[in-house]
Every structure is written in structure tokens, then in C-alpha cells.
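A closer look at the structure
Single-letter residue listing:
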Amino acid sequence: CGRRFKELLMDKGVTPFSRWERELPKLEGDERYKAVPTLKERRALFDEFCKNVAAEQKKLKEERSRRALEGFRALLEEAVEVEMRLAVQQAEEEAAEA
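Residues numbered from 1 in each chain as written. Predicted model: local features only at pLDDT ≥ 70, side-chain atom pairs only at ≥ 80, totals over all residues. Heavy atoms only, no water.

**A short note on the confidence of the model for the protein**
Detail in the predicted coordinates should be disregarded across regions flagged by low pLDDT. Per-residue confidence for the protein gives a mean pLDDT of 94; residues scoring 70 or more make up 100%. Put simply, helix H1 (residues 2-11) is where the protein has its lowest mean pLDDT, 93, and helix H3 (residues 39-97) is where it has its highest, 95. (pLDDT = per-residue confidence, 0-100. Helix = DSSP H or I, 4+ residues; strand = E, 2+ residues; numbered from the N terminus.)

Set out below in C-alpha cells:
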């Protein structure tokens, strides 16, 4: 029954920053809301859901940031290599002209 209630929360677009008081009217008409027997249990599942979604979003954000930083570092390394190759090429051209 807890799983169905969490599905309801996902379907209704509950976010980690949602407030129980604001979301309650959207949830009450659904049969999955009544699958959890008490209001106390529903509130606990709601709070747990919000906490878990927040943690998951934070983890995804950190992963995206990590990947972006890795990509940026790789780009910098490539730029340094290109710059070094150009410097060598220019030095060789200057030596050939002299």
C-alpha cells in the first residue's frame, strides 16, 4: 500500500519542496490515498518521499557537475596539446625559413 501511495505522489507531481497542506487536497480523491490506513502513516510516507526525492535530485546534480567538470578538464588538456603542437609547428617553420 505504501508503494501505491508513493506512485500517487509521483503522479500528482509532488516535489521535495511540496507542502503536505497544499498537496493534501490533490491527493484525497484518489483511491491510492485511502490505501494507507491512517493520516499519520500517509504524512510519514509523504515526508519520506520528499526526503528521498531531494536526495536523489542532489545526487543527480552532483553527478552532472562532476561530468561537466571532467569534460571541461579534458577540453583544457586538449587545448594545451593543440597550443603546444602549434608552437612546435611555428618553430619548425621559422627554422626552415632561416
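**Observations regarding the environment of Leu9**
By secondary structure assignment, the location of Leu9 is in helix H1. The exposure class of Leu9 is buried, given its relative accessible area of 0%. Sequence spacing of Leu9 and Leu76 is 67 residues, and the spatial spacing of their C-alpha atoms is 44 Å. The residues contacting Leu9, other than those within four sequence positions of it, are Val14, Leu27, Leu45, Phe46 and Phe49. (Buried < 20%, exposed > 50% of the residue type's maximum accessible area, 1.4 Å probe, protein only. Contact = heavy atoms within 4.5 Å.)

**Some thoughts on the nonpolar core**
In this structure, Phe5, Leu9, Val14, Trp20, Leu27, Tyr33 and Phe46 are the most contacted members of the largest nonpolar core, which totals 14 residues. Secondary-structure elements contributing two or more residues to this core are H1, helix H2 (20-27) and H3. Among the elements that line this core, the one with the most residues is H3, at five residues. (Core = buried A, V, L, I, M, F, W, Y, C linked by side-chain atoms within 4.5 Å.)

**Thoughts on the pattern of salt bridges**
For the coordinates displayed, the defined rule picks out 13 salt bridges. Here Arg19 ties to Glu21 by a salt bridge, and the two come within 3.7 Å at their closest N and O atoms. Salt-bridge contacts for Asp47 lead to Arg43; the nearest nitrogen and oxygen are separated by 3.3 Å. With a gap of four residues between them, Asp47 and Arg43 both fall in helix H3, about one helical turn apart. Using a relative accessible area of 37% as the deciding quantity, one classes Asp47 as partly exposed. Each of the salt bridges in this network shares a partner with another, and the network as a whole consists of Arg19, Glu21, Arg43 and Asp47. (Salt bridge = Lys/Arg side-chain N within 4 Å of Asp/Glu carboxyl O.)

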